[in-house]
Amino acid sequence: MSLPLIDILPRLRRMISEPEALRPALIVAALSGLVEGLSLAALLPAIGSLASGEPVWGLQIGGWLVVLALLAVTCFGLHYLQEQRTYAVALDFLRSIHRLVGDQVAKQPLGWFARPSSGRLSRMVSAELMNAGEIFAHMIGPLVARITAAIVIVIAAWLWHPLLGLVLTIAAPVFVIITVTSTSFMRRGSAIHEPEEIKLAARIVEYAQCQGALRSCGRSDDFPPLGAALEDTRSAKTRAQWIETAGMLLSGVVTQGVIVALIAVSGSLAVSGTLEPIAALAFIGLALRFTSTLSTITENAMSLESRRPLLDAIDEVLTAEPLPEPASPAHLPAPGTIELEDVSFAYGPTAEPVLQHVSLSVPRGSMVALVGPSGSGKSTIARLVCRFYDADSGTVRVGGLPVTEQTTEQLMSQLSMVFQDVYLFDDTLEANIAIGREGASREEIRDAADLAGVTEIAERLPAGWQSRVGEGGRALSGGERQRVAIARALLKRSPIVLLDEATSALDVENEANIVAAVEHLRRQATVLIIAHRLDTIAAADQIVALTEHGSVEAQGTHAELIAAGGTYARFWDRLHRAQGWHIV
Amino acid sequence: MTTHVQTRDDPSGGAATLVSDTKAQQKTDARSLKELMRPVAPWLTIGRLLAAISGVLAVVPYVALVQIGHVLLAAAGSEGGVDADEVNRWLRILLLTFSLRIGIYFIALLVTHLADIKLGHLIRLRMVQRFARVPLVWFTSTNSGRVRKALQDDIGTIHQLIAHRPVDGTNAIVMPAALMVYAFIIDWRLGLLAIATLPLYVAAMSVSMRGMGEKTVQMDTRLGLVSARMVEFVTGITVVKAFGRVGRAHRAFQDAADEFQEFYYAWVRPLITVSALGNSLLAVPLILSVNIGGGAWLVHQGWVTAADVLATSLIALLIPYGLEVLMGSMWAQQMAGASARRLTELLETPVLAEEADHAVPEGHDVVFEHVSYSYDTGEDAELALDDVSFTLTAGTVTALVGPSGSGKSTIATLLARFDDPRSGQIRLGGAPVDRIKHLYTHVGFVLQDPQLPSISIRDTITLGRPDATDEQIREAARAARVLDEIEQLPEGFDTVYGAGTGLSGGQAQRIAIARAILVDAPVLILDEATALTDPESQHQIQQALSDLARDKTVLLIAHRPEAIKGVDQIVLVESGRVLATGTHSELMAHPGYARLWQSTTATLGGTK
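Residues numbered from 1 in each chain as written. Chains lettered and ligands numbered in written order. Predicted model: local features only at pLDDT ≥ 70, side-chain atom pairs only at ≥ 80, totals over all residues. Heavy atoms only, no water.

1. A short note on the pairing of strand E3 (residues 367–371) of chain A
All names here are of chain A.
Inference 1: Taken across its five residues, E3 has five buried, putting it largely inside the fold.
Inference 2: Neither face of E3 is open: one carries Met-367, Ala-369 and Val-371, the other Val-368 and Leu-370, and all of them are buried.
Inference 3: When E3 meets strand E8 (residues 526–530), the two strands line up parallel, connected through four bridges. Across the sheet, the residue bridging to Met-367 is Val-527, located in E8.
Inference 4: One ladder, built from four bridges, connects E3 with strand E9 (residues 542–546); its direction is parallel. Across the sheet, residue Val-371 finds its bridge partner in E9, namely Ala-545. (Buried < 20%, exposed > 50% of the residue type's maximum accessible area, 1.4 Å probe, protein only. Helix = DSSP H or I, 4+ residues; strand = E, 2+ residues; numbered from the N terminus. Pairing = 2+ DSSP bridges.)

Here is the structure:
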């Protein structure tokens, strides 16, 4: 049971600013455990001399009382010191972990955030933090102390009477094994009902989310999959209950069971004359205490074990490797260009490839449209250009230099991104645009806002430019958020703009604003646009047509591609017909 | 898509109000908890009672220690050896009570676990029944997050409280208490020695726990802020990096973290010394030397035996354990209270009124009469719809147009009774919609979110008509332009919808259309945006929608004026009000309508 401690300690060390403080704290804990063990061991001769009135190991009861008093004073001091030290380490942890996690998060490549990480990270630095802090404050110290005490008691028992030493030496592993077994029982029980409960929770959430559809079908009172899931959960829990209760029973009785066994053994030994009566009495006492020490150890070890996932999660963040990048910016041979050369990419080693041998080039000052069915990898190309991820093979060049040979700052200074998931800070409307370029004048900000159609938004809002947009920009619609993002891009005046048209499709006014802004952007920068609208596609200098398998079918002008037939011509035809649709 | 700006308070400003509410909050929480547990309360009482009995029986080993001790001491004082019968008798009693204790403990656990299963089932059932009657507008993403949290975290907390705490908690408190009583029974002076260091410990702990409830709430608020800053930091990371502002967002997070640190330090730092001193009073050698020291004197006086002293010394070591558990359970009780409150709030979500005295629609004309609506129920809530009146003639198509956030969707969904108007009335065939039984057979809808549950495609399509034949299902799928694609799936109509089935958003839309085709409601609410989600299958969705709409009374939420040129009636909406009603040619003269048209004709390069 000391195993978890051994492999947890090095991690704990990484999570505090003064790792060297951990060892003294643990040494103090071990010392206080040692004294505790010694005092329990002293119980044997003390009770012996008290009962018999004769000296044991050369000391009378008075002498043993002095020994106990000395141990008490020492232990009081050590215990106090131990608490102070471990609290200090715990506070150090709480203080450092925010900074460590924050620094690490700031260093990560963008692809690292593609996983649903915000919920996990935010729980990690708040609610779970206090649970992890408890490890430092309340768990490792007592665990070390109790283990030391238990060892001292066993040694003392051997010295007192080899037979008793043997009994305790055997009792310890029996105790541990039964406890571990009972835990595995409980785990088996959970394994039976937890999956059902998770399924049921998913069904109920689904039931809530699909409530509209269910009501439109008159099924809100009677949705059979949900009824079945409720019943399944109930029956799984009933089945699991016996196993789980048995497990808890086992863990509940183990302390008492070992006590009874130890009393029975020493009683019988006394009856048979193998053990002196007084020695037997003292030993029963020691055994009673020994078992509660053991149960504290297992309880501690188990709560430590149950917090292991927290530590694993924190550790994963602290040890995450950032994408390699050079230390200083390099010279850009061809500013304002993008080039993909034989690029292949999949979102995981086992996933289907999203891009296969893609080559394309975006000349300086041109506007290139990416066109293709959904799933053809249009957004992935944009993400590789921003180095959210590194390509599995092939080269992505921005400004003529492979993105892997640029610092994040250098790469980002060349790019503006106007994607679907535009993020606004919980700040004013104006501040959210101003973020585009540090030191931009108010006039420049207003000009960019005018062009992107943000001025209209400001006029509508009660506090105008100073209106707060809410966390993530909640107070604005999707189209409005995209306009703010365009204003940022206009303000930034980066040589390259990456733009995804998708959300603009929903909102007519928005469309007009975006069209105007793109018209302006293409005059000041190279534009790579993920296009959905006919007009945009037709207005592009070059079109890259992607197939549904993520390969480039052709690159050329609209006329060239239509003439060539193929996917693009079909796509164009469909889109054309769709935009002309009217309901009747 | 609501666009109104809520003036949000600075999150840190909320801390002050939170604190003053703490006391009242805790009371409400405790009440919710009691209310929630009422159905199983008798079971829990039985569980606690049994656990208490088993806790009392835990004293027996110590009684045995004393009794056997007396026998052994007697033996040590004489030449006669140990009284084997007496020792064996006590060993038998020990074994017997031990088995009894296990049995009772087991039954106690069984009882509370059964209670937990029952209550868990009951809560979920009540939740489901509630959802069936809650206005559809309630089902926002925020609320589904709440539902998820309640189901995953809160029911778990309640489980701990019901299945485990009554037994473990009672046991952990009764056992030391019974031991203490036994210590006093052995000898009152030894009993006093056993609890000698406790008063100081309790004093130290009560100092360190003072105001803990309030402080905990404050801590939660501050941690909440740290958490929100981290979310912002991470979700905004693209922007942060793109504009070279890593330092800035990072700082906001670090500031929140620092603020928490400062608060926590100020709270905890002075308490560490007190708490460390208090805990040191429980150090094993200290308790032992007090008990053995005092005990030795009592033995010397001839009032007690060494066995008595040994027993009470060991008991003294165990008593603090009960106190620690007691403190821990106060904390757990608070947490459970908060969980119970969240669950109760969900279970008490306001519902739509039952259709009173049923009315039967005659014909399919739809009339909106002075309909006003707000998303909040308060008196001065901002109106999302303000005095909306218009009529849909049976068998015609009416389109709602207007800027985003103007209230188009709100108008349309009120017809399907997503919620009831705050004032005014909506009639279908002369009958108010809130009095029509089985409204779904009259009013159908296909909106942006196709809402497919993870069941087989067949079950999804037949959701509204479980008795549909295979031929009818195939026919609906064909009309929805999705038949071929379904049949190409390895499992065809038996494919269960969900992650990994490889169905695109466009296909999901068409399956939802097939579902609506089978329900065949005479009045339909359609969202044109469904046709725009997926460029490649736009065309097919549009054809399917056109088919579905044929010969129906249709209310269309329109986004592109082009799509509605030919409809029978256009309703122009802005800021929750109807500005004009008429055909396309009639409305062209309206400046608001003309503006909508202008914006779409703007094109890149000015050429078309």
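2. As for the interface of chain A and chain B
Inference 1: On the side of chain B, 155 residues touch chain A, which itself brings 157 residues to the contact.
Inference 2: Summed over both partners, the interface of chain A with chain B buries about 14200 Å², with 72% contributed by carbon and sulfur atoms.
Inference 3: Seen at the junction of chain A and chain B, the total is two salt bridges.
Inference 4: Notably, a salt bridge pairs Asp-116 of chain B with Lys-237 of chain A, separated by 3.4 Å at the nearest N-O pair.
Inference 5: Counting the contacts that link chain A with chain B gives 19 residue pairs in polar contact (both at pLDDT 80 or more).
Inference 6: The leading source of residues in the side of chain A that touches chain B is helix H8 (residues 224–272) of chain A, at 27 residues. (Contact = heavy atoms within 4.5 Å. Buried area = accessible area lost by both parts, 1.4 Å probe. Salt bridge = Lys/Arg side-chain N within 4 Å of Asp/Glu carboxyl O. Polar contact = N/O pair within 3.5 Å; in protein donor to acceptor, adjacent residues only side chain to side chain.)

3. Thoughts on helix H10 (residues 308–319) of chain A
Inference 1: Look at H10 of chain A: 16 Å from first C-alpha to last across twelve residues, which is about the 16 Å you get at 1.5 Å a residue.
Inference 2: Among the residues making up H10 of chain A, those that are buried are Arg-308, Leu-310, Leu-311, Ala-313, Ile-314, Asp-315, Val-317 and Leu-318 of chain A. (Expected span 1.5 Å × (residues − 1).)

4. Concerning the pairing of strand E10 (residues 552–556) of chain A
Residue and element names in this part refer to chain A.
Inference 1: As paired elements, E9 and E10 share four bridges and run antiparallel to each other. Note that in E10 the partner of Ile-543 across the bridge is Gly-556.
Inference 2: Between E9 and E10, which pair antiparallel in sequence order, lie five residues; one of them, Gly-550, sits at a positive phi of approximately 80 degrees.

5. Topic: the side chain of Thr-245 of chain A
Inference 1: When you line up the elements, Thr-245 of chain A lands in helix H8.
Inference 2: At a separation of 2.3 Å, a polar atom in the side chain of Thr-245 of chain A contacts the main-chain carbonyl oxygen of Gln-241 of chain A.
Inference 3: In this structure, Thr-245 of chain A is in contact with Phe-106, Leu-109, Leu-110 and His-113 of chain B, ignoring residues within four places of it in sequence.

6. So, the pattern of salt bridges
Inference 1: Inspection of the entire model under this criterion finds 36 salt bridges over all chains.
Inference 2: For the salt bridge of Glu-444 of chain A with Arg-493 of chain A, the shortest nitrogen-to-oxygen distance reads 3.7 Å. Here Glu-444 of chain A is found in helix H14 (residues 442–452), whereas its partner Arg-493 of chain A is found in the loop between helix H16 (478–492) and strand E7 (496–500), with 49 residues between them in sequence.
Inference 3: By relative accessible area, which is 49% here, Arg-493 of chain A ends up partly exposed.
Inference 4: We note a salt bridge from Asp-547 of chain B to Arg-481 of chain B, for which the minimum N-O separation is 3.2 Å. One end of the pair, Asp-547 of chain B, is in helix H18 (residues 538–549); the other, Arg-481 of chain B, is in the loop between helix H15 (470–479) and helix H16 (483–488), with 66 residues separating them in the sequence.

7. Some points on a negative patch on the surface
Residue and element names in this part refer to chain A.
Inference 1: On the surface, a cluster of negative charge is made up of Glu-443, Asp-447, Asp-450 and Glu-459.
Inference 2: Ranked by residues supplied to the negative patch, first place goes to H14 with three residues.
Inference 3: Along the chain, Asp-450 turns up in helix H14.
Inference 4: When its relative accessible area of 49% is taken as the criterion, Asp-450 is described as partly exposed. (Patch = residues over 30% accessible without salt bridge, like charges linked within 9 Å, V, L, I, M, F, W, Y side chains within 5 Å. Areas by Shrake-Rupley, 256 points an atom, 1.4 Å probe, with all protein chains shown as cover. Lys, Arg positive; Asp, Glu negative; His and termini not counted. Charge placed at Lys NZ, Arg CZ, Asp CG, Glu CD.)

8. Quick notes on the sheet that holds strand E1 (residues 366–373) of chain B
Note: strands within a sheet are paired through backbone hydrogen bonds, in either parallel or antiparallel orientation.
Residues and elements named next belong to chain B.
Inference 1: The strand order across the open sheet formed by four strands is E2-E1-E4-E5, and the pairing between neighbours is antiparallel. Bordering the open sheet on either side are strand E2 (385–392) and strand E5 (431–432), each of which pairs with just one other strand.
Inference 2: In the sheet, E1 pairs with strand E4 (residues 423–428) via five bridges, with the strands oriented antiparallel. Counterpart to Val-366 in the pairing with E4 is Leu-428.

9. Quick notes on unusual backbone geometry
Inference 1: For His-357 of chain A, which is not glycine, the phi torsion reads 45 degrees and is therefore positive.
Inference 2: Residue His-357 of chain A is classed as exposed on the basis of its relative accessible area, which comes to 54%.

10. Observations regarding the environment of Leu-318 of chain A
Residues and elements named next belong to chain A.
Inference 1: Inspection of the secondary structure puts Leu-318 in helix H10.
Inference 2: Its relative accessible area of 15% is what places Leu-318 among the buried residues.
Inference 3: Aside from chain neighbours lying at most four places away, what touches Leu-318 is Arg-14, Met-15, Ile-97, Leu-100, Val-101 and Gln-104.

11. What to know about the packing of aromatic side chains
Two measures describe an aromatic ring pair: the distance that separates the ring centres and the angle between the ring planes.
Inference 1: Taken as a whole, this structure holds 16 aromatic pairs over all chains when the rule is applied.
Inference 2: Above the face of the Phe-185 of chain A ring, Arg-188 of chain A is positioned so that its terminal group lies 5.6 Å from the ring centre.
Inference 3: In this arrangement the basic side chain of Arg-189 of chain B is found over the ring face of Trp-303 of chain B, its NZ or CZ atom lying 4.3 Å from the centre. (Phe/Tyr/Trp six-rings, centres within 6.5 Å; stacked < 30°, edge-to-face > 60°. Lys NZ or Arg CZ within 6 Å of the ring centre and 35° of its normal.)

12. Some words on the environment of Leu-317 of chain B
Inference 1: Mapped onto the secondary structure, Leu-317 of chain B falls in helix H12 (residues 306–347).
Inference 2: By relative accessible area, which is 9% here, Leu-317 of chain B ends up buried.
Inference 3: Sequence separation between Leu-317 of chain B and Ala-283 of chain B is 34 residues, and the spatial gap between their C-alpha atoms is 8.8 Å.
Inference 4: For Leu-317 of chain B, the residues in contact, after removing those within four places along its chain, are Leu-40 and Arg-289 of chain A together with Val-284, Ile-287 and Leu-288 of chain B.

13. A closer look at the side chain of Thr-170 of chain B
All names here are of chain B.
Inference 1: In this structure, Thr-170 sits in helix H5 (residues 141–186).
Inference 2: We classify Thr-170 as buried; its relative accessible area is 14%.
Inference 3: Among the polar contacts made by the side chain of Thr-170, one reaches the main-chain carbonyl oxygen of Pro-166 at a distance of 2.3 Å.
Inference 4: Setting aside residues up to four positions removed in sequence, Thr-170 forms contacts with Arg-48, Ala-51, Ala-52, Arg-165 and Met-175.

14. Comments concerning the packing of H15 of chain B against helix H17 (residues 505–519) of chain B
All names here are of chain B.
Inference 1: Here H15 crosses H17 at 125 degrees, and the two axes come no closer than 8 Å. Taken together, the axis directions place H15 and H17 in an arrangement best described as oblique. Seen along the crossing, H15 lies across H17 with a hand that is right-handed. Touching Gln-472, Ala-476, Ala-477 and Ala-479 of H15 are Ala-514, Ile-517 and Leu-518, all from H17.
Inference 2: Residue composition of the contact of H15 with H17, by class: six nonpolar, one polar and no charged. (Axes fitted to C-alpha atoms, helices over the stretch in contact; angles between N-to-C directions. Parallel < 35°, antiparallel > 145°, perpendicular 65-115°, else oblique. Left-handed = near helix turned anticlockwise from the far one by under 90°. Nonpolar A, V, L, I, M, F, W, Y, C, P; charged D, E, K, R; others polar.)

15. Description of the nonpolar core
Inference 1: Core analysis: the largest hydrophobic core is formed by 202 residues, its most contacted members being Phe-93 and Leu-498 of chain A.
Inference 2: Of the residues forming this core, the biggest block, 15 residues, is contributed by helix H5 (residues 127–160) of chain A.
Inference 3: Core analysis: the next-biggest nonpolar cluster, separate from the first, contains 75 residues, Val-40, Ala-150, Phe-390 and Phe-445 of chain B among them. (Core = buried A, V, L, I, M, F, W, Y, C linked by side-chain atoms within 4.5 Å.)

16. Quick notes on the environment of Gly-62 of chain A
Inference 1: Summarising the element assignment, Gly-62 of chain A is placed in helix H3 (residues 61–107).
Inference 2: When the C-alpha positions of Gly-62 of chain A and Ser-477 of chain A are compared, they lie 83 Å apart, and in sequence the two are 415 residues distant.

17. Regarding the domain arrangement of chain B
Inference 1: Assigned domains of chain B: these are domain 1 (29–186 + 337–350) and domain 2 (366–607).
Inference 2: One C-alpha centre belongs to domain 1 of chain B, the other to domain 2 of chain B; they are set 54 Å apart. (Domains from an automatic or database assignment.)

18. Some points on the sheet that holds E3 of chain A
All names here are of chain A.
Inference 1: One open sheet accounts for six strands, arranged E6-E7-E8-E3-E9-E10; its pairing is mixed. Two strands close off the open sheet at either side, each with one partner strand: strand E6 (415–418) and E10. Strand-to-strand twist of the sheet, defined as the mean angle between neighbouring strand axes without regard to direction, takes the value 15 degrees.
Inference 2: In the sheet, E6 pairs with E7 via four bridges, with the strands oriented parallel.

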